[in-house]
Amino acid sequence: MPSRRADPVTLEVVELIGDVVSRYHEEYEHAAARHQLTGAQARVLGLLSLEPLPMRRIAQKLKCEPSNITGIIDRLETRGLVERRPDPADRRVKLAAPTEEGLQTADRLRESLDFAREPLAGLSTAERAVLRDLLRRMLADPAGR
């Protein structure tokens, strides 16, 4: 029967991934706070800066309950960073979309996240592409979802 114990390289990779995730979350929370946002609000605003989304889709992307997203959107809307608008494809669905101020805040937030940018700058373009491709492969859903 094969051992369930991982090889030393796998263990080290798992530890390094944990360190990266921990450092990323820590910096993200600090950056969000500098913009008077919670980490969750900053993540939602960042997603919406890419495209308006229905709240159910935001919840799927962030792997949380839609009711949590409703509260986050409410608070972002109160601050004038997000607005609700009808989905042109299905007027029964409401999209959350960033306002101009929300887009500017998302840009400033993104610019203030130096954690990944600085270490990645030490890698060549080819090395960054390999890292990206390996991470995509690790995260690929075999069911194609």
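Residues numbered from 1 in each chain as written. Predicted model: local features only at pLDDT ≥ 70, side-chain atom pairs only at ≥ 80, totals over all residues. Heavy atoms only, no water.

## Let's talk about the pattern of salt bridges
Applying the stated rule across the entire model yields 7 salt bridges. Among the ionic pairs, R84 bridges to D74, the shortest N-O distance being 2.6 Å. Of this pair, R84 sits in strand β2 (residues 82-87) while D74 sits in helix α4 (residues 66-78), and the two are 10 residues apart along the sequence. R84 sits in the partly exposed class, given a relative accessible area of 27%. With a closest N to O distance of 2.9 Å, R132 and D133 form a salt bridge. Look at the salt bridges and you will find they share partners, linking D74, E77 and R84 into a network. (Salt bridge = Lys/Arg side-chain N within 4 Å of Asp/Glu carboxyl O. Helix = DSSP H or I, 4+ residues; strand = E, 2+ residues; numbered from the N terminus. Buried < 20%, exposed > 50% of the residue type's maximum accessible area, 1.4 Å probe, protein only.)

## Re the packing of helix α3 (residues 55-62) against α4
It is the contact of α3 with α4, at a shortest axis distance of 8 Å, that shows an interaxial angle of 110°. Our classification of the angle between α3 and α4 gives roughly perpendicular. Where α3 crosses over α4, the two elements pack in a sense that is right-handed. Along its contact with α3, which presents M55, R56, I58, A59 and L62, the element α4 presents P66, I69, T70 and I73. When the residues that make up the contact of α3 with α4 are grouped by side-chain class, the tally is 7 nonpolar, 1 polar and 1 charged. (Axes fitted to C-alpha atoms, helices over the stretch in contact; angles between N-to-C directions. Parallel < 35°, antiparallel > 145°, perpendicular 65-115°, else oblique. Left-handed = near helix turned anticlockwise from the far one by under 90°. Contact = heavy atoms within 4.5 Å. Nonpolar A, V, L, I, M, F, W, Y, C, P; charged D, E, K, R; others polar.)

## A look at a nonpolar patch on the surface
A cluster of nonpolar side chains, contributed by V9, V13, I17, V21, L120, L131, L135, M138 and L139, occupies part of the molecular surface with about 780 Å² of accessible area. Those elements that provide at least two residues to the nonpolar patch are α1 (8-34) and α7 (125-139). On the basis of relative accessibility, which here comes to 39%, the residue V13 falls in the partly exposed class. (Patch = residues over 30% accessible without salt bridge, like charges linked within 9 Å, V, L, I, M, F, W, Y side chains within 5 Å. Areas by Shrake-Rupley, 256 points an atom, 1.4 Å probe, with all protein chains shown as cover.)

## Thoughts on the side chain of S49
Of note, S49 is situated in helix α2 (residues 39-50). Reaching out from S49, the side chain makes a polar contact with the backbone oxygen of G46 at a distance of 2.7 Å. Reaching out from S49, the side chain makes a polar contact with the side chain of R110 at a distance of 2.5 Å. If we ignore the near neighbours within four places in the chain, the residues touching S49 are P98, L103, A106 and R110. (Polar contact = N/O pair within 3.5 Å; in protein donor to acceptor, adjacent residues only side chain to side chain.)

## A word on the sheet that holds strand β1 (residues 53-54)
What the 3 strands build is an open sheet, ordered β1-β3-β2; its pairing is antiparallel. At either end of the open sheet lies a strand with only one pairing partner, and these are β1 and β2. Here β2 pairs with strand β3 (residues 90-98) via 6 bridges, running antiparallel. Paired with P86 across the two strands is K94, which belongs to β3. Along the sheet face, α2 touches β1, β2 and β3 and points at about 110° away from the line of β3. (Pairing = 2+ DSSP bridges.)

That's the geometry; what it means functionally is another story.
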